[in-house]
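Here's the letter readout for the chains.
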Amino acid sequence: MSNSRPGNRRSVVVFCSIIIFILLGLGFEYRYSYLDHQSLFPAFGKSTLSWMATSSTFWAAFAPLLAAAVPRCPPSELSGKAISKTIGKRRAVDHIVMNEKDIETMRRSHTWFVDQLMQNAPKLEYKKGTSRIVTSAGGDYFPPLLVSLRFLRRTGSTLPVEVFLATPDEYEPLLCEAILPSLNAKCLIISDIIDQHDLPFSLSGYQLKAFAILFSSFESVLFLDADNFPI
């Protein structure tokens, strides 16, 4: 009898493993079939926006100007952190370390860049007569963005939203292909646009906000930070 116990135990382990595997398979099948056939936010339905960005003639004209205007000097440095306190009539402490020669170099680059834009600014690409919302997200900013969009829809606004991501690494299929379209929002990847030009550019952080506005397909834009909540 003692010889049969190991065999019985192995049979139980194998049987339980098969049951667990089947249940997991059914769980995943149910999960994705639910997302395919049910709307998580039925009040708004599917997005009215097209999916990915196409080629950008604006960027083809803007990128060379931006590259030519890069200051030929080292970046500024910080000597310390600014402390939040009442200054009154006292002069604020300057923590930016940069010599006068480099400051003048940056000033000349900026002046040249602005002059070029004033003389022959690249034409922005947008659909005339559109007034809509733009934001940037990805990574840790996706959760607050979803809350923000839910707040937005609760106000009664049905304006389409373009959500700009930095790179394909930030693209989340479940969010971009199921949840955001149900809130009339779509994902756009900025690197898909800037990589169309041979000049090397890498955007991140606060830079994404300005370029999200530039690359938006809307004529009039309200930029809504991912962690701002409309009320």
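Structure first, text after, so check above.
Every chain is numbered on its own, with residues counted from 1 as its sequence reads. Predicted model: local features are reported for residues with pLDDT of at least 70 only, side-chain atom pairs are reported and counted for 80 or more only, and whole-chain, interface and lining totals are derived from all residues. In computing side-chain values, all of the structure's heavy atoms are included and hydrogens and water are not.

Draft legend 1. Inspection of the sheet that holds strand β4 (residues 161–165) at higher detail. Two strands qualify as a pair provided DSSP detects at least 2 bridges between them. In this text, helices come from DSSP runs of H or I with a minimum length of four residues, and strands from runs of E with a minimum of two, each type numbered from the N-terminal end. Pairing is parallel across the open sheet formed by four strands, whose spatial order is β5-β4-β3-β6. Each of the sheet's edge strands pairs with one partner strand only, and the pair in question is β5 (185–189) and β6 (218–223). Put simply, the sheet's adjacent strands are angled 35 degrees from each other on average, direction ignored. Throughout, a contact is declared for two residues whenever any of their heavy atoms are within 4.5 Å. Interaxial angles span 0 to 180 degrees and are taken between N-to-C directions of axes, which are lines fitted to C-alpha atoms, for helices over the stretch in contact. The strands that helix α4 (residues 142–154) touches are β3 (127–136), β4 and β5; relative to β4, the one it contacts most, it runs at about 170 degrees. Packed on one face of the sheet, helix α5 (residues 173–182) meets β4 and β5 and runs near 140 degrees to β5.

Draft legend 2. View of the packing of helix α2 (residues 57–68) against helix α7 (residues 207–215). Packing of α2 against α7 leaves a shortest axis separation of 12 Å and a crossing angle of 140 degrees. Of the possible angle classes, the one that applies to α2 and α7 is oblique. Between α2 and α7 lies a crossing whose hand is right-handed. Where α2 abuts α7, its residues Phe-58, Trp-59, Phe-62 and Leu-66 lie against Phe-211, Leu-214 and Phe-215. Under the scheme applied, nonpolar residues are Ala, Val, Leu, Ile, Met, Phe, Trp, Tyr, Cys and Pro; charged residues are Asp, Glu, Lys and Arg; polar residues are all the others, including Gly. Grouping the constituent residues of the contact of α2 with α7 by class yields seven nonpolar, no polar and no charged. When an angle is under 35 degrees it counts as roughly parallel; over 145 it counts as roughly antiparallel; between 65 and 115 it counts as roughly perpendicular; any other value is oblique. Whether a crossing is left-handed or right-handed is set by the direction in which the near helix is turned from the far one by less than a right angle, anticlockwise for left-handed and clockwise for right-handed.

Draft legend 3. Looking closely at the state of the cysteines. Sulfur atoms of two cysteines make up a disulfide when they are within 2.5 Å. Per the counting criterion, the structure on display carries one disulfide. Cys-176 shares a disulfide with Cys-187; S-S distance 2.1 Å. Across the S-S bond linking Cys-176 and Cys-187, the dihedral sits near -80 degrees, which makes this disulfide left-handed. Placement of Cys-176 in helix α5 and of Cys-187 in strand β5 is noted, with a sequence separation of eleven residues between them. Taking the relative accessible area as the measure of exposure, Cys-176 reaches 0% and is therefore buried. Note on classification: 1.4 Å probe, protein chains only; a residue is buried when its accessible area is under 20% of the maximum for its type, exposed when over 50%, partly exposed between these limits. Overall, the relative accessible area of 0% leaves Cys-187 in the buried class.

Draft legend 4. A look at unusual backbone geometry. Positive phi is not limited to glycine here, since Asn-184 has a value of about 55 degrees. Relative to the helices and strands, Asn-184 resides in the loop between α5 and β5.

Draft legend 5. A look at helix α3 (residues 100–120). A helix is expected to span 1.5 Å multiplied by its residue count minus one. Over its 21 residues, α3 extends 30 Å from the first C-alpha to the last, a length consistent with the 30 Å expected when each residue adds 1.5 Å. Looking at α3, one finds that the buried residues are Asp-102, Thr-105, Ser-109 and Phe-113. Viewed along the axis of α3, the buried residues span an arc of 65 degrees, placing them on a single side of the element. Relative to its buried face, α3 has exposed residues pointing more than 90 degrees away, namely Glu-100, Arg-108, Met-118 and Gln-119. On the buried face of α3, the contacting elements are α2. Polar contact is the term for a pair of N or O atoms within 3.5 Å; when the atoms are in protein, one must be able to donate a hydrogen and the other to accept it, and sequence-neighboring residues count only if both atoms are side-chain atoms. A side-chain oxygen of the first residue of α3 lies 3.2 Å from the backbone nitrogen of Lys-101; this N-cap is Asn-99. Here, the arc refers to the directions that run from the helix axis to the C-beta atoms.

Draft legend 6. Just the packing of aromatic side chains, in detail. Two aromatic rings from Phe, Tyr or Trp, using only the six-membered ring of Trp, form a pair when their centres are within 6.5 Å; if the ring planes differ by under 30 degrees the pair is stacked, by over 60 it is edge-to-face, and anything between is tilted. Under the counting rule described, the total for this entry stands at nine aromatic pairs. Measuring from centroid to centroid gives 5.1 Å for Phe-58 and Phe-62, while their planes differ by 20 degrees, and the two rings are stacked. Taken together, the positions of Phe-58 and Phe-62, both in helix α2 and four residues apart, correspond to about one turn of that helix. Here Phe-58 and Phe-62 have matching classes, each one buried.

Draft legend 7. Spotlight on the packing of α2 against α3. Interaxial distance between α2 and α3 falls to 9 Å at its minimum, and their mutual angle equals 155 degrees. When the axes of α2 and α3 are compared, the pair comes out roughly antiparallel. Relative to α3, α2 is oriented so that their crossing is right-handed. Between α2, through Phe-62, Leu-65, Leu-66 and Ala-68, and α3, the contact on the second element is made entirely by Trp-112, Phe-113, Gln-116 and Leu-117. Counted by class, the contact of α2 with α3 contains seven nonpolar, one polar and no charged residues.

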